[in-house]
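Residue strings, one per chain:
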Amino acid sequence: MFFEWQGNQPVTLRCIDKNTETHDTVSIKLADLTESLLFQFKPGQFINLGVEIDGKMEFRAYSISSTNGEDYLQLTIKRVEGGKVSNYIVDSLLPGDTVQALPPTGDFNCIDHPPAT
Ligand SMILES: Cc1cc2nc3c(=O)[nH]c(=O)nc-3n(C[C@H](O)[C@H](O)[C@H](O)COP(=O)(O)OP(=O)(O)OC[C@H]3O[C@@H](n4cnc5c(N)ncnc54)[C@H](O)[C@@H]3O)c2cc1C
């Protein structure tokens, strides 16, 4: 049985997979702890992802790179020179680790702003 992601509170998600896309970019797949959450969003939306670094929760926005309605969420993150969260994710986040995530948001998406043709 699957549940929809609702509300405006962060949920705890677990990294279930991590793939290297290029020398400075990785994709991570996230699922909820019971793997019963269905991730519904509008293509083009993003989430605010929270990772704990040196005891402090840091949130950054990342666009969703998976398709709507899966039981996982994929994000694709590129290293930013000197950046705290992107470097942490590329270098240190591992499958099995947990993160915090706020529900999908963003008005600039393909449903609310469909292509003209
Ligand atoms: C809607 C949205 C969607 C996004 N989607 C994606 C996505 O899909 N993939 C993706 O990779 N990114 C995405 N981003 C960017 C992402 O949110 C982060 O901004 C990015 O990962 C950098 O975060 P960071 O913590 O690594 O860098 P930060 O630590 O925030 O640093 C950013 C820059 O500022 C510099 N800096 C930090 N502190 C200081 C200081 N005190 N003095 C001087 N310079 C400083 C750093 O060196 C670095 O160059 C998105 C952003 C938005 C707004």
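Owing to the predicted nature of the structure, the values given are computational and were not obtained by experimental measurement. (Residues numbered from 1 in each chain as written. Predicted model: local features only at pLDDT ≥ 70, side-chain atom pairs only at ≥ 80, totals over all residues. Heavy atoms only, no water.)

Quick rundown of the site of the ligand? Include the residues and the values.
For the ligand, the set of nearby residues contains 15 residues, the closest of which are Arg-60, Ala-61, Tyr-62, Val-85 and Ser-86. Interatomic distance of 3.0 Å between a backbone N/O atom of Glu-81 and an oxygen atom of the ligand. For the ligand, whose accessible area on its own is 980 Å², the fraction buried by protein is 49%. Mapped onto the shell around the ligand, the elements with two or more residues apiece are strand 6 (56-63), strand 7 (73-78) and helix 1 (84-91). The greatest single-element share of the shell around the ligand, amounting to four residues, is contributed by strand 6. Its residues assigned to classes, the shell around the ligand comprises six nonpolar, five polar and four charged. (Near = heavy atom within 4 Å. Polar contact = N/O pair within 3.5 Å; in protein donor to acceptor, adjacent residues only side chain to side chain. Areas by Shrake-Rupley, 256 points an atom, 1.4 Å probe, with all protein chains shown as cover. Helix = DSSP H or I, 4+ residues; strand = E, 2+ residues; numbered from the N terminus. Nonpolar A, V, L, I, M, F, W, Y, C, P; charged D, E, K, R; others polar.)

Lay out the environment of Leu-73 in plain terms, naming residues and giving numbers.
In this structure, Leu-73 sits in strand 7. Residue Leu-73 is classed as buried on the basis of its relative accessible area of 0%. Expressed as a C-alpha distance, the spacing of Leu-73 and Ala-31, which sit 42 residues apart in the sequence, is 6.5 Å. Not counting chain neighbours up to four residues away, the residues in contact with Leu-73 comprise Trp-5, Ile-28, Lys-29, Leu-30, Phe-39, Phe-41, Ile-47, Ile-64 and Ser-66. (Buried < 20%, exposed > 50% of the residue type's maximum accessible area, 1.4 Å probe, protein only. Contact = heavy atoms within 4.5 Å.)

Which residues make up the pairing of strand 5 (residues 46-53), and what values do they have?
The pairing of strand 5 with strand 6 spans eight bridges and is classified as antiparallel. The partner of Asn-48 across the bridge, within strand 6, is Ala-61. What sits between strand 5 and strand 6 in their antiparallel hairpin is a turn of two residues, with Asp-54 showing a positive phi close to 50°. Bridge count between strand 5 and strand 8 (residues 98-101): two bridges; the pairing is antiparallel. Bridge pairing in strand 8 links Gly-50 to Gln-100. (Pairing = 2+ DSSP bridges.)

Residue-level account of the sheet that holds strand 8, with values.
Spatially, the six strands line up as an open sheet ordered 6-5-8-2-3-7, and their pairing is antiparallel. Both outer strands of the open sheet, strand 6 and strand 7, are each paired with one neighbouring strand and no more. The sheet shows a mean angle of 40° between the axes of neighbouring strands, direction not considered. Alignment of strand 3 (residues 25-32) against strand 7, held across six bridges, turns out to be antiparallel. Along strand 7, the bridge assignment pairs Ile-28 with Leu-75. (Axes fitted to C-alpha atoms, helices over the stretch in contact; angles between N-to-C directions.)

An account of the nonpolar core is needed here, citing residue identities and associated values.
Counting 24 residues, the largest nonpolar core has Ile-28, Leu-49, Leu-75 and Ile-89 as the members making the most contacts within it. Among the elements that make up this core, the one with the highest residue count is strand 5 (four residues). Look past the residues within four positions of Ile-28 in its chain and what remains in contact with it is Cys-15, Asp-17, Lys-18, Leu-73, Gln-74, Leu-75, Ile-77, Ile-89 and Leu-93. (Core = buried A, V, L, I, M, F, W, Y, C linked by side-chain atoms within 4.5 Å.)

Please provide a residue-by-residue account of unusual backbone geometry, values included.
Positive phi is not limited to glycine here, since Asp-54 has a value of about 50°. With respect to the element layout, Asp-54 can be found in the loop between strand 5 and strand 6. Assessed through its relative accessible area of 79%, Asp-54 is described here as exposed.

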